[in-house]
Amino acid sequence: YYTTAGNGYAAFDGDKWSTFAVRRPALLGNRVQALANDAGGSLWAATEAGVQRLEGSDASNTSPELFTADDMGIAAADVRVLHPGRDQGMWVGGVGGASFFDGSGWQTLTAREGLVGNVVQAVTVDNEGRTWFGTDAGISIWNGSSFFTIDKARGLPSDDIRALASDPGGVWIGTAGGGLYRFSGSQLQL
């Protein structure tokens, strides 16, 4: 017999060696709340254990890198959306705001920084590089240093934003009870 640091133990029966090891699972948690790929090809998954990054093209054979509420500022159970950002970064949105991982650290945005609502339900990045956050209280558009808000008081039919998708000419906005709209040329369109 011999043991290893992380690869189990092995036994020799006189003819051959047999190895016994418990492999780390490819994913820590079974309740998957959101999935996204970053620009580098890593798969990101939000589960009850936290947000996990699985690197490489064969993510099933790698151990995940785990990010928790202490890292992100958002509890694992409260993550609603993952969206790739610039370079190989990732946006994480949920109850408590939004956080961005740039490869080395986290930046968190909440109502204190100007986010219109603290429940982020959708994220997209437009063709000008601005990040749009759909919240339960409207839309916040982040230019990297400040926010612009679109809400019911500014013509949005519903403040409860559930889906955002960008295209080369604008951003599509899906609402809870207010329908589907498109923002293009600084105007809200039906």
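Residues numbered from 1 in each chain as written. Predicted model: local features only at pLDDT ≥ 70, side-chain atom pairs only at ≥ 80, totals over all residues. Heavy atoms only, no water.

Q: Looking at this structure, I do not really get the overall build of the chain. What am I missing?
A: The secondary structure content of the chain amounts to one helix and 19 strands. When the 190 residues of the chain are sorted by exposure, 41% land in the buried category. A separation of at least 24 residues holds for 33% of the contacts in the chain among residues at least 6 apart in sequence. Surface accessibility of the chain: about 10000 Å² in total, with carbon and sulfur atoms responsible for 48%. (Helix = DSSP H or I, 4+ residues; strand = E, 2+ residues; numbered from the N terminus. Buried < 20%, exposed > 50% of the residue type's maximum accessible area, 1.4 Å probe, protein only. Contact = heavy atoms within 4.5 Å. Areas by Shrake-Rupley, 256 points an atom, 1.4 Å probe, with all protein chains shown as cover.)

Q: What's the story with the packing of aromatic side chains in this structure? I'm lost.
A: Scanning the model with the defined rule gives 11 aromatic pairs in all. Look at Trp-91 and Phe-133: their rings are 5.0 Å apart centre to centre, the planes differ by 80°, and that puts the pair in the edge-to-face class. Placement of Trp-91 in strand S9 (residues 90-94) and of Phe-133 in strand S13 (residues 131-135) is noted, with a sequence separation of 42 residues between them. Exposure class is identical for Trp-91 and Phe-133. Each is buried. (Phe/Tyr/Trp six-rings, centres within 6.5 Å; stacked < 30°, edge-to-face > 60°.)

Q: I'm lost on the pattern of salt bridges in this one. Help?
A: Applying the stated rule across the entire model yields seven salt bridges. Of the charged contacts in the structure, one is a salt bridge between Asp-126 and Arg-130, with a shortest N-O distance of 2.7 Å. A relative accessible area of 7% means that Asp-126 is categorised as buried. Between Arg-130 and Glu-128 there is a salt bridge whose closest N-O contact spans 3.8 Å. (Salt bridge = Lys/Arg side-chain N within 4 Å of Asp/Glu carboxyl O.)

Q: It is not clear to me how the sheet that holds strand S18 (residues 180-184) should be interpreted in this structure. Could you clarify?
A: To summarise the sheet geometry, strands pair through backbone hydrogen bonds and adopt either a parallel or an antiparallel arrangement. Read from one edge of the open sheet, four strands run S16-S17-S18-S19, paired in antiparallel fashion. Both edges of this open sheet fall to strand S16 (161-167) and strand S19 (187-189), since each of them pairs with a single strand only. Going across the sheet, the axis of each strand differs from the next one's by a mean of 25°, ignoring polarity. Relative to S18, strand S17 (residues 170-175) runs antiparallel, the two sharing four bridges. Of the residues in S18, the one forming a bridge with Gly-174 is Leu-180. (Pairing = 2+ DSSP bridges. Axes fitted to C-alpha atoms, helices over the stretch in contact; angles between N-to-C directions.)

Q: Before we go on, may I ask you to explain the environment of Leu-43 in this structure?
A: Within the secondary structure, Leu-43 sits in strand S5 (residues 43-47). Beyond its immediate sequence surroundings of up to four residues, Leu-43 is in contact with Leu-35, Ala-36, Asn-37, Gln-52, Arg-53 and Leu-54.

Q: Looking at this structure, how should I read the nonpolar core?
A: Soluble globular proteins tend to pack their nonpolar side chains together in the buried interior. Membership of the largest hydrophobic core comes to 13 residues, with the highest contact counts inside it found for Trp-44, Val-51, Val-79, Leu-82 and Val-92. For this core, the secondary structure elements donating two or more residues are strand S4 (34-37), S5, strand S8 (79-84) and S9. Not counting residues within four places of it along the chain, the set of residues in contact with Trp-44 comprises Ala-34, Leu-35, Ala-36, Asp-38, Val-51, Gln-52, Arg-53, Phe-67, Leu-82, Met-90, Phe-101 and Trp-106. (Core = buried A, V, L, I, M, F, W, Y, C linked by side-chain atoms within 4.5 Å.)

Q: What should I look at first to understand the pairing of strand S6 (residues 50-54) in this one?
A: A regular strand places its side chains on the two faces of the sheet in alternate fashion. In terms of burial, S6 is largely enclosed, as five of its five residues are buried. In terms of strand pairing, S5 meets S6 through five bridges, oriented antiparallel. Along S6, the bridge assignment pairs Thr-47 with Gly-50. Counted along the chain from S5 to the antiparallel partner S6, the turn is two residues long.

Q: What is the right way to look at the environment of Asp-126 in this model?
A: Secondary-structure assignment places Asp-126 in the loop between strand S12 (120-125) and S13. In the structure, Asp-126 is positioned 45 residues away from Val-171 in sequence and 6.7 Å away in space, judged by C-alpha atoms. Setting aside its immediate chain neighbours within four residues, Asp-126 contacts Trp-132, Ser-166 and Val-171. At a separation of 2.9 Å, a polar atom in the side chain of Asp-126 contacts the main-chain amide nitrogen of Glu-128. Among the polar contacts made by the side chain of Asp-126, one reaches the side chain of Trp-132 at a distance of 2.9 Å. (Polar contact = N/O pair within 3.5 Å; in protein donor to acceptor, adjacent residues only side chain to side chain.)

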